[in-house]
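Spelled out, the chains give:
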Amino acid sequence: QKVEVRRRCGSDHVTAVPCSSLVPILRGHKQLPLCRAQVQRQLQCGHEDTVPCYLRETPPRPCNAAVPDPFAFPCGRHVTHPGTCQRLSYLRAQTELKCGEQVTCLRFRCGHQAVVACHEEARLTTALPGKRLGADNVVVAEEDYADSPPGPEDRCQELVVFQGVCGHQVQNIPCDTAFKWAAEPDTAQPCVHPTNIVSPLCHHGLTVECAVADRLRAWAPYPEGHELLELTDGFDENQENVVIPVILQAAPPTPLPPTLSPAVLACGGRAQVHRPCGHAARVPCQDVFATLNAQCNDQVEVSCERCGLKTEVPCRKANEPRACTNTVTKVCLTCRVNRVQVQCSLEGVHCNAEVTDTIACGHKATWMCGEEVRPEPAACFDCIMPEWKNAIEHRPPDEEHVIQLLRRCVEKALEDIGAKVDGVAYNKVPVGQLLQATTDVLSKYHDLLLAARGNGTNDLPVCLPSSLEDPTSLDVVFVEPSNMTRMGTEAALGKFRAAPTVYGNGIRLKELSKDSLLRCDSADGKLTVCIGVAFRHRRLVNTPPFRTEETKGKTSIKKANRNATIKQGEGFDCVQVHGVDQREHVYWVPGSAVALGFYILQLHEVCKICMDALPLSGGCVCPLQHFVCWDCFDGLVGAASAPGALAQSVDAQGNLRCPEPGCVVFLLQQVGAAAAAAGKEEVFGRLVELRCATAVNNELPAAVEAERTRNMAEFRRIQQMDALDRTATLLHKQFVEEILVLRCPAPHCRAAFLDFTGCFALNCHRCHAEFCGWCLVKPPGDTHAHVRGCPEGGGRGLFAAFEVFQDHHRRRKGRLMTARLRQESRDVAQRVLELLQPDLVDRQHRIIVEI
């Protein structure tokens, strides 16, 4: 039910409200709706205006009442009917009103007709000092004509005739343009009237445009007093001599001005250009400069300095080096024996053929030029065969001598990789098997050399025999036992016996190196390995396995053995395993590898900074295996973290550089693994902090510069706006930042927030300030008590749904922006409202803003 409430504003003004709202209104909890009864009020002009009651005290609106009164313009000739009171009042209030009716008049300077606004007629027709356009309608350059009327520019577009300084006339020029050319002849378009002159270059008659003729007359191609040489070349149709000018390339004429093209010199005649080389070219006069700038192409005869062959080339290339194509005989630069038919200009001559010659030892030798070098006496077949026979028949003094040779070889290998021997258990070495294997390897290769000599082939390298006393013929190999029990040691020794492998039957062993030892399991940097020595003469490399590890059938094993036999028939006695990350070999000759004993090794590294020898756990290594102890590494990190040292000590990503000159950086994962194993978490932590500091130093300046660039661009954009747009843009940004975005009311915080959990006593997530969710004000006392009685809450209390929170703040934002916009002019408010349109949609609801 609704009840009518009689209002104080008028005896007959009533407002219908729901009965349920009557008590809250009487108690002051709710406001009575505005009175919308229509009332009459009298305007200043005497007319009445009907408005709602609540607007009767507001400033009056413009009066739109219809009036029949006319308005006469100041000119006294024209009147207008405004139609409304507002329009009539506006016209009467203007002190400098101008009549805009269109009238026809004659311009003073040219006498041409013009249709202009009434108030402009006097300006165009007023007499000014100077000449007027004559009846012939010709505007003459440099005449003292009257100036154009003062005030706004008014261009007469009637077509007239313009007469330039040269006396030639141009038809159909706009009147205003013609008067400008008359006042400033230099701005007139160039005169194109044909004019006959004498060419300054060749002295022939020439017909060019008038403007071009003036520039040609000002051009002086020759020095003052210069006499042009001339030749007579027959007679023309009038039986007069045809004169051809002679132009010397050694003393060329002055080039044409940049504004002229050589085509303007086309007189129909010809000129003769003499070059310093003695040749002459007769060309059209317009091509003289192109000929002077070009090189001579007349053919001349030249002779090759090497073979004397005569050829014809362009004169300009006579002194240039050239490739002679004549075929001559030259000695091969590689073998210095064979002669080759090649081009004369070819310098590096190589025959790439078989060579037969007497070498230094006096024997005849044959080799392939380009693939093999000239045999030395040490590689001469006749010279080295006795060496092979002696090596096969040689026997060492005793077995102990052989064992000492092998042990010294092992000690040298361990010293090279920095491994310290903490203990060794020597094994009984089968010296007899090793000597027999050495004899078998050398005898096999000796027989192959004899067979190759008998067959006349050079597939097998001729070389000196290997020896147990030559360390380059021995590989130091090792096996890592599973344990040091009897069974473990016997299994390790069994690795030195032949067994099926992917390369056929043989002994497969790893070559001793620091990298291979580091891959073994060790406790405190110590490890026990079985070390031995393997004899070899010729090794096969870069060969894929003959079978895979998975194929262990009899057929695949036999196939691998056949391939191994074929390779042994080619002179190979071992093969390097292909496709593994460690150096491993398979030795095909039984007994060629023997175990010397079990060594207890301690791996040491020398620090690149302090030069102390430490176990591997006492530091870390870079990717190129440069070792740095933990103390020195910690010092490197500290030095790199100091101000001004980042650029020299770390790379762009913050990785610490190795102290070795020219080396790479330490890998974070590699250092982390070593630090974890050694318990150096604090060193690794400082390394991570160094990398983070570098990242901040790299990215922060770019971010600051990007923000500065963005702010300056926004400043320049606002600076280029007019006053209205600038005010509207700044006000729009203020609305977005301060009203549309909900923020904490604390002045030192102003953090934005979006979440609402149902309670209107809000708490800032950044500064933890408590404030009211209705009015967004931080009360001086108890926040909950303020929220319960907040006027904007309308008595709705502490708790409400999220939809109530959203609806309240949509209305609140609309009220705040409306109140602010009504303080500005209507144009500014309208422009701000246009800018706000994309921002006024809040979760599919619009924020209402009235101006």
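Since the model is a prediction, treat every value here as computed from it, not as a measurement.

The rules behind these values
- Residues numbered from 1 in each chain as written.
- Predicted model: local features only at pLDDT ≥ 70, side-chain atom pairs only at ≥ 80, totals over all residues.
- Heavy atoms only, no water.
- Helix = DSSP H or I, 4+ residues; strand = E, 2+ residues; numbered from the N terminus.
- Expected span 1.5 Å × (residues − 1).
- Buried < 20%, exposed > 50% of the residue type's maximum accessible area, 1.4 Å probe, protein only.
- Contact = heavy atoms within 4.5 Å.
- Pairing = 2+ DSSP bridges.
- Axes fitted to C-alpha atoms, helices over the stretch in contact; angles between N-to-C directions.
- Patch = residues over 30% accessible without salt bridge, like charges linked within 9 Å, V, L, I, M, F, W, Y side chains within 5 Å.
- Areas by Shrake-Rupley, 256 points an atom, 1.4 Å probe, with all protein chains shown as cover.
- Salt bridge = Lys/Arg side-chain N within 4 Å of Asp/Glu carboxyl O.
- Lys, Arg positive; Asp, Glu negative; His and termini not counted.
- Core = buried A, V, L, I, M, F, W, Y, C linked by side-chain atoms within 4.5 Å.

S.K.: Help me out: how do you make sense of helix α8 (residues 399–416) in this one?
M.R.: An α-helical turn contains 3.6 residues, so a residue and the one three or four places further along point in the same direction. The terminal C-alpha atoms of α8, which comprises 18 residues, lie 26 Å apart, in line with the 26 Å expected from a rise of 1.5 Å per residue. When we look at burial in α8, the residues that qualify are Val402, Ile403, Leu405, Leu406, Arg407, Cys409, Val410, Ala413 and Leu414. Along its buried surface, α8 packs onto β24 (419–426), α9 (431–455), β25 (474–479), β28 (526–535) and β32 (593–606). Note on α8: the residue one or two positions beyond its end, glycine 418, has a positive phi of about 75 degrees.

S.K.: What is the right way to read the sheet that holds strand β9 (residues 138–140) from this model?
M.R.: What links the strands of a sheet is backbone hydrogen bonding, and the strands pair in either a parallel or an antiparallel sense. Pairing is mixed across the open sheet formed by three strands, whose spatial order is β9-β10-β11. Looking along the sheet, the strands with just one partner apiece sit at the ends: β9 and β11 (169–174). Within the sheet, the average angular offset between the axes of one strand and its neighbour, ignoring direction, is 35 degrees. One ladder, built from four bridges, connects strand β10 (residues 159–163) with β11; its direction is antiparallel. Opposite valine 160, over in β11, you have isoleucine 173 as the bridge partner. Across the sheet, helix α4 (residues 175–183) touches β9, β10 and β11, and the angle it forms with β11 is around 125 degrees.

S.K.: When you look at helix α5 (residues 210–218) in this model, what are you seeing that I'm missing?
M.R.: Along α5, the residues classified as buried are Cys210, Ala211, Val212, Ala213 and Leu216. Buried positions along α5 lie against β12 (194–198) and β13 (205–209).

S.K.: How should a nonpolar patch on the surface be read in this particular structure?
M.R.: Together, Val421, Val424 and Tyr426 make up a nonpolar patch on the protein surface, roughly 230 Å² of accessible area in all. Mapped onto the fold, valine 424 is located in strand β24. By relative accessible area, which is 34% here, valine 424 ends up partly exposed.

S.K.: I'm lost on unusual backbone geometry in this one. Help?
M.R.: Leave glycine aside and you will find that most residues have negative phi; peptide bonds, for their part, are mostly trans. At asparagine 352, a residue that is not glycine, the phi angle is positive and equals roughly 50 degrees. For asparagine 352, the position within the fold is in the loop between β21 (339–343) and β22 (354–358). A relative accessible area of 53% places asparagine 352 in the exposed class.

S.K.: How do you make sense of the side chain of arginine 407 when you look at a structure like this?
M.R.: By the element assignment, arginine 407 lies in helix α8. Despite being buried, arginine 407 has no salt bridge partner; glutamate 400 is the closest side chain of opposite charge, sitting 4.7 Å away.

S.K.: I tried to follow the nonpolar core on my own but got confused; where do I start?
M.R.: For soluble globular proteins, nonpolar side chains are generally found buried alongside one another. Formed by 43 residues in total, the largest nonpolar core has its most connected members in Leu406, Val410, Leu414, Leu512, Leu517, Ile531 and Leu601. Those elements that place two or more of their residues in this core are α7 (381–393), α8, α9, β25, β28 and β32. The element best represented in this core is α9, accounting for nine residues. The residues contacting leucine 406, other than those within four sequence positions of it, are Leu434, Leu474, Val533, Val594 and Leu596. Core analysis: the second largest hydrophobic core is formed by 24 residues, Ala271, Val273, Val288 and Leu292 among them.

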